[in-house]
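Read off the chains here:
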Amino acid sequence: MRYIPHTPDDVRQMLSVIGVDSVESLFAEIPEDVRLQRPLDLPLPLSESELLRELAALSSRNDAARTSLSFLGGGAYNHFIPAVVDHLISRSEFYTAYTPYQPEISQGTLQAIFEYQTLICQLTGMEVANASMYDGASACAEAVLMAVRAGRKGRVLLSRALHPEYRETVRTYCRYLDVELVEIPFGKDGRTDRLALEREMDAETAAVVIGYPNFFGVVEDLAALGEVVHAGGARLVAAVQEPIALGLLKSPGELGADIVAGEGQSFGIPLSFGGPYLGFFAASKRDMRVMPGRLVGETVDLDGRRGFVLTLATREQHIRREKATSNICSNEGLCALMAAIYLSLMGKAGIREVALQNFSKAKYARERIADLKGFSILHESPTFNEFAVHADEGAAAVLLRLQEKGILGGLALDRFYDEMPDNFLVCVTEQNSRGEIDALVEALKGGRE
Amino acid sequence: MKGPGRSGLTLDEKLIFEHSDPGRRGYSLPPLDVPVASLPPELTREEVADFPELSEVDVVRHFTRLSAWNYGVDSGFYPLGSCTMKYNPKVNESAARLPGFSEIHPLCPENLAQGSLELMFRLQEALGEIAGFPAVTLQPAAGAHGELTGMLIIRAHHEAHGNPRRKVLIPDTAHGTNPATAALCGYDVVPVSSDGILTAAAVAERMDEDVAALMVTNPNTLGLFESEIRKICDIVHERGGLVYCDGANLNALLGIARPGDMGIDVMHFNLHKTFSTPHGGGGPGSGPVGVTGELARYLPRPVVVREKDVYRLDYDRPASIGRLRSFHGNFGILVRAWAYIRTLGGEGLRLASEMAVLNANYIRSRLEGTYHLPYEKRSLHEVVFSDRDLEGDCHTLDLAKRLIDFGYHPPTVYFPLVVKGAIMIEPTETESKETLDEFCEAMLTIADESRNDPDRLKNAPVRTRLRRLDETGAARNPRLKWER
């Protein structure tokens, strides 16, 4: 076994130092009646070349998904990843290290996370960001828990236009806690219904969670919603499922968000069938000491040189135990590094340009589809890089028809919204050329002839 | 000089923002091939203030230099107890990057993602076989996330039986995340003291009809096998409770004993520990959960199922606790773990556990007598010493910092809490006798130094780029981002 260096002679010598005569006797404390009395029933081991052949064959069963023209979004996005990102995160000093408990030999990870925290603050317009969480949905759930804790109130309002999987995750996290969750409907324009929000606000409301952009790609009027939320003494949580939008849209911080939780996959992280992704989490300074997750802070060493450490650990599970702000132990360190590298490469001009390309291409697609007979755009509000389409023939029929032509035309919305059997969500990114968008439009048209 | 630690040229590096120069670019995009659109001005932001502007070379050099300030498993011996810092095989990295795996959208039609779903299904089955559970979910993103999943399942079970109960028993040798997890599920934590191992009598004393579950770690955080586990599970079950096992230390048991056979009802795996996936500087990990057949109905949605030869995601599970995150789990990590299991097979996994236990016991034998060993029972995959016998007012922290000068990552320190000044060493199976010998020589030298020249420990580390950092100052006056 090439990962295990022991020769028979090593084993003999080691056993003799230990003073036992067999490896078996090292396990003497395990009672016979809980021992496994047979070999594990697993497939036989493979050499490296056999393994790669087997996995290549398995992965090729996904080829049609990979080679189709894709207009899928809905919380995971097909953005270009510069080659630099994978090369740098493949430095094994980064990826084979663990949580930087020993700062003197972890300054690489620590400084990179400090830079990541800064980049997230700049993009979201917030004052503090943590070292990352599992993904957008769980970061959103942690935001809800934090707002409940900080506000000492037990009611949370979730926009029904918030990503359905984020809502479901919040429900799971709150399942056995004393938290009442209420959904706020959205209007025909695809935006959260402000009047309904006003009706549901009460003195017990700790937080209101709004997607920005929301699940339908619609840019919410966050400032107006924030006024209602703040008038009721609650915290406004902006959940960002497509953070490329923040290159173009006003930052949630500027519009009054108290907490921003989101999905960072768009920042240089492969689609990889759903994970690993990156939960980002930012808040205002007043909530710093009730924030969940790891935080990296600047300090100095004994000689006064700048360095970085994990800090404010007294919030965390290993110190506060059952009174901790979260049970989270790790972060998604390597994914945070990917985001830091991606954002450093894109920089001030690049994040703007890529956001503008997404928006412009999606708008082009939106306008062309709006002109098609039998199709219409569901929501009139501005959308970023995805939008909901109504198809007279029904979403399932359209998408199947497109799939047969090698096009993944979008996501059928009745998966999450029973009332939407005729609607699907189309996402267009900088990766989709005009030719591809035109091909989608032609294919949509095809069914009507 | 014992150990590989030496000094050499290190390169200084500013913060990325301090490199920024207006007008520099590190990206390229194709020209926009549709009309430029614009948003209403009230929705549009200014440029992102203070965002960096760098060339590609600047960025590459910056992060390459940062990487050189890190110590990873590929750099050297990393005996961080309870974290199982084994070698992370390179072929696993290649496997996860196969375009058929890495480029697939999670919401693509299931008939086009059969390769991904088959891999997940086979991994579920393999993990179930390894730990003795008929049902496994791959959704949780980390160990603590798996714990939360498992404890929610336990609560759901009790709710379905009409009484959620109020308490969870947690021994003092449990992991730090356990109490926080129990609290998130609405339970009160009742600590159970153990004397190295948990006794059936101690559990019986605390067990009543109001206890929902016992959370154990087996082997526990002292590296000792909970030899009364079967009886303990019986006691808990007799009063209607369930037993949760933190699987962080499964690396001691592969092919030797299965938690499911011991009476454990729910367990999480740490793929980033036992199954060799890299720790990534603090994640991403993956924390699948195995459960008994009776509890399978509560698993998070969706579950991967096979019908004839077609794999699909089953969302129609009315008793499910719901989902714990978006999509289906840290798939890229699942690929790596599957590649590891396929490479070792059943026999290789057993050998891994045997050699992990041999290595820990070898270190124990070499250091026993010099370092105080608070518990005498036979160790499994890790061994816990204390700093009692260090002299010159030197403590565990000083030992840890001095080990850095010798070229090692320190062990886990001050954990578990039941040992004062704990030094928790987990070598894993991938380390050779030569490495262990060198490390032990360094440990023995440091013990000598504590007698003869304690300042060497107190001032350590001296060979790193930075010396000890002011953590108190960092917490008192938090600076959590760069500001111009």
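Residues numbered from 1 in each chain as written. Chains lettered and ligands numbered in written order. Predicted model: local features only at pLDDT ≥ 70, side-chain atom pairs only at ≥ 80, totals over all residues. Heavy atoms only, no water.

### Observations regarding the overall build of chain B
Inference 1: Along its length, chain B carries 15 helices and 12 strands.
Inference 2: Scaling as 2.2 N^0.38, a compact globule of 484 residues should have a C-alpha radius of gyration of about 23 Å, and chain B matches this with 25 Å.
Inference 3: Dimensions of chain B, computed from C-alpha atoms along their principal axes, come out at roughly 70 × 70 × 45 Å.
Inference 4: Per-residue burial for chain B yields a buried fraction of 68% across its 484 residues. (Helix = DSSP H or I, 4+ residues; strand = E, 2+ residues; numbered from the N terminus. Rg over C-alpha atoms; globule rule 2.2 N^0.38 Å. Buried < 20%, exposed > 50% of the residue type's maximum accessible area, 1.4 Å probe, protein only.)

### What about the domain arrangement of chain B?
Residue and element names in this part refer to chain B.
Inference 1: If you check the domain split of chain B, you get domain 1 (91-343) and domain 2 (347-471).
Inference 2: Between the C-alpha centres of domain 1 and domain 2 the distance comes to 30 Å.
Inference 3: Contacts between the two partners involve 26 residues from domain 1, matched on the other side by 21 residues from domain 2.
Inference 4: Note on domain 1 versus domain 2: buried area summed over both sides is about 1800 Å², and carbon and sulfur give 64% of it.
Inference 5: For the pair domain 1 and domain 2, the number of links is 0 salt bridges.
Inference 6: Counting every contact that joins domain 1 to domain 2 gives 7 residue pairs in polar contact (both at pLDDT 80 or more).
Inference 7: Residue classes in the side of domain 1 that touches domain 2 are distributed as 14 nonpolar, 10 polar and 2 charged. (Domains from an automatic or database assignment. Contact = heavy atoms within 4.5 Å. Buried area = accessible area lost by both parts, 1.4 Å probe. Salt bridge = Lys/Arg side-chain N within 4 Å of Asp/Glu carboxyl O. Polar contact = N/O pair within 3.5 Å; in protein donor to acceptor, adjacent residues only side chain to side chain. Nonpolar A, V, L, I, M, F, W, Y, C, P; charged D, E, K, R; others polar.)

### Looking at the nonpolar core
Nonpolar side chains in soluble globular proteins tend to end up buried together.
Inference 1: Residues Leu55 and Ile341 of chain A together with Phe63, Ile264, Phe275 and Tyr371 of chain B are the most contacted members of the largest nonpolar core, which totals 219 residues.
Inference 2: For Leu55 of chain A, the contacting residues outside a window of four places in its chain are Ala95, Leu98, Phe101, Leu119, Trp338 and Ala339 of chain B.
Inference 3: Counting 71 residues, the second largest nonpolar core, distinct from the first, contains Ala141 and Val170 of chain A together with Leu148 and Met215 of chain B. (Core = buried A, V, L, I, M, F, W, Y, C linked by side-chain atoms within 4.5 Å.)

### Topic: unusual backbone geometry
Inference 1: Residue Pro213 of chain A is reached from Tyr212 of chain A by a cis peptide bond, and omega for that bond is -10°.
Inference 2: Here Pro213 of chain A lies in the loop between β5 (205-211) and α10 (222-231).
Inference 3: Omega for the bond connecting Gly275 of chain A with Pro276 of chain A falls within 30 degrees of zero, at 0°, which places this linkage in the cis form.
Inference 4: Within the secondary structure, Pro276 of chain A sits in the loop between β7 (259-263) and β8 (279-283).
Inference 5: At Arg165 of chain B, a residue that is not glycine, the phi angle is positive and equals roughly 65°.
Inference 6: For Arg165 of chain B, the position within the fold is in the loop between α6 (143-160) and β2 (167-171).
Inference 7: The phi angle at Phe327 of chain B is positive, at roughly 60°, despite the residue not being glycine.
Inference 8: Among the structural elements, Phe327 of chain B can be located in the loop between β9 (310-314) and α11 (331-367).

### A few points about the domain arrangement of chain A
Residue and element names in this part refer to chain A.
Inference 1: Once the domains are mapped, chain A shows domain 1 (65-80 + 348-446) and domain 2 (83-342).
Inference 2: Each partner contributes residues to the interface: domain 1 has 32 residues there, and domain 2 has 32 residues.
Inference 3: Here domain 1 meets domain 2 over a buried area of about 2500 Å², counting both sides, of which 63% is carbon and sulfur.
Inference 4: Applying the counting rule to domain 1 against domain 2 returns 1 salt bridge.
Inference 5: Among the ionic pairs, Glu419 bridges to Arg160, the shortest N-O distance being 3.0 Å.
Inference 6: Across the contact surface, domain 1 and domain 2 share 12 residue pairs in polar contact (both at pLDDT 80 or more).
Inference 7: Put simply, the parts of the chain that give the side of domain 1 that touches domain 2 at least two residues each are α12 (333-370) and β12 (386-391).
Inference 8: Residue composition of the side of domain 1 that touches domain 2, by class: 19 nonpolar, 9 polar and 4 charged.

### So, the pattern of salt bridges
Inference 1: This model, assessed by the stated rule, comprises 71 salt bridges over all chains.
Inference 2: As a salt-bridge pair, Asp303 of chain A and Arg467 of chain B come within 2.8 Å of each other at their nearest N and O atoms. In this pair, Asp303 of chain A is assigned in the loop between β9 (296-300) and β10 (306-310) and Arg467 of chain B in the loop between α14 (455-458) and α15 (471-476), connecting two distinct chains.
Inference 3: By relative accessible area, which is 45% here, Asp303 of chain A ends up partly exposed.
Inference 4: Take Arg467 of chain B: its relative accessible area is 21%, and that puts it in the partly exposed class.

### Re the sheet that holds strand β12 (residues 422-425) of chain B
Residue and element names in this part refer to chain B.
Inference 1: In space, the 3 strands of this open sheet follow the order β10-β12-β11, with antiparallel pairing throughout. This sheet does not close on itself; its edge strands, each paired only once, are β10 (383-386) and β11 (412-413).
Inference 2: Lying on the sheet, α11 is in contact with β10 and β12; it crosses β10 at an angle near 25°. (Pairing = 2+ DSSP bridges. Axes fitted to C-alpha atoms, helices over the stretch in contact; angles between N-to-C directions.)

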